[in-house]
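# Observations on chain architecture
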Amino acid sequence: MRILALPFLLLAAALNASAQTVPEVVRVEAILPDPQGDEMEPAPALELIEDHAVVLLDLTMSVEAYPSFENEDGTFSQLEGDCEFGPMEGVRMMSVPTGSNHLLLNVRPGDPSQFAANSVSCDYMPSLQLGENIGQVMKVRGCYLANYHSIPTAAMYVLNPLPASACGLTQ
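## Regarding the pairing of strand S1 (residues 25–32)
Within a regular strand, side chains alternate between the sheet's two faces. Side chains Val26, Val28, Ala30 and Leu32 of S1 all project onto a buried face; the interleaved residues Val25, Arg27, Glu29 and Ile31 project onto a face where none is buried. In this sheet, strand S2 (residues 54–61) lies alongside S1 in parallel orientation, the contact comprising 8 bridges. From the neighbouring strand, leucine 32 faces S2, where its bridge partner is methionine 61.

So, in C-alpha cells, the structure goes:
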C-alpha cells in the first residue's frame, strides 16, 4: 500500500508547488516620449508587451505625452494645463501615447480597493523640465494582464488590472 501511495504523494506535492509559482512577469519601464528614441517609434520597453503577458508597468509621461482618460462616469477628458500632484481618482481607462501610430496602449487601473498596486498619478521629475514646465509628469504603475487586439495598420494592447500578487508584489 505504501508503494502505491508514494507516487500519488509525489504528484500532489508537484502540483501544489506548481500552483504556487508566480507566472513570468514582464517588467515594462519607460519614459514617454522616449528621450533617446525616434519620435515616431515607441519606446523599446513597450515592445516587450505580448498577448496574455503579466506586465509590471512603470510608465512616466512628460507633458508632451499626456494621455486621454475615460472617467468613471463614462465621459472622456484630457489634462489641460497643470494637474494636481498626487494620485488621480476616477480614471476608468487611459489611452497612453506610445510615440507611434502603429502601437496603441490602453490601461485600465481598476478599482483601488481591489487593485491597490495600480495607480495613476501626477508627479515631479526635474530632469524632464521643458520651457516653463516645472518637471510635471504623469505616472502609471501597477500589475496588468495584456490583451492584444489587431486593428488595421496597428496593434493595440489593453492592460487589464491584476492583483499585486500576480506580479509577485505580495505574498
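Right, picking up where we left off after that structure.
## Focus on the confidence of the model for the chain
Across the chain, pLDDT averages 82, with 77% of residues at or above 70. Contacts from residues 4–11, a stretch scored under 50 in pLDDT, to residues over four places away or in other chains number 0 contacts.

## Some words on the environment of leucine 162
Looking at the element boundaries, leucine 162 is found in the segment after strand S10 (154–161). We classify leucine 162 as buried; its relative accessible area is 17%. On a C-alpha basis, the gap between leucine 162 and glutamine 114 in space is 8.8 Å, while along the polypeptide they are 48 residues apart. Apart from the residues within four sequence positions on either side, leucine 162 is in contact with Val54, Phe115, Asn118, Cys143, Tyr144 and Leu145.

## Side note on unusual backbone geometry
Unusually for a residue other than glycine, histidine 52 sits at a positive phi of about 65 degrees. Looking at where histidine 52 falls in the secondary structure, it is placed in the loop between S1 and S2. Take histidine 52: its relative accessible area is 55%, and that puts it in the exposed class. For threonine 153, which is not glycine, the phi dihedral falls at a positive 65 degrees. Within the secondary structure, threonine 153 is located in the loop between strand S9 (136–151) and S10.

## Let's talk about the state of the cysteines
This structure, assessed with the given rule, holds 1 disulfide. Across the disulfide, cysteine 143 is cross-linked to cysteine 167 (sulfur-sulfur distance 2.0 Å). Measuring the twist about the S-S bond at about 90 degrees, one finds the cysteine 143-cysteine 167 disulfide to be right-handed. Highlighted residues: cysteine 143 in strand S9 and cysteine 167 in the segment after S10, separated in sequence by 24 residues. For cysteine 143, a relative accessible area of 0% corresponds to the buried category. Classification of cysteine 167 by relative accessible area gives buried; the value is 9%.

What counts, and at which threshold
- Residues numbered from 1 in each chain as written.
- Predicted model: local features only at pLDDT ≥ 70, side-chain atom pairs only at ≥ 80, totals over all residues.
- Heavy atoms only, no water.
- Buried < 20%, exposed > 50% of the residue type's maximum accessible area, 1.4 Å probe, protein only.
- Helix = DSSP H or I, 4+ residues; strand = E, 2+ residues; numbered from the N terminus.
- Pairing = 2+ DSSP bridges.
- pLDDT = per-residue confidence, 0-100.
- Contact = heavy atoms within 4.5 Å.
- Disulfide = S-S within 2.5 Å.

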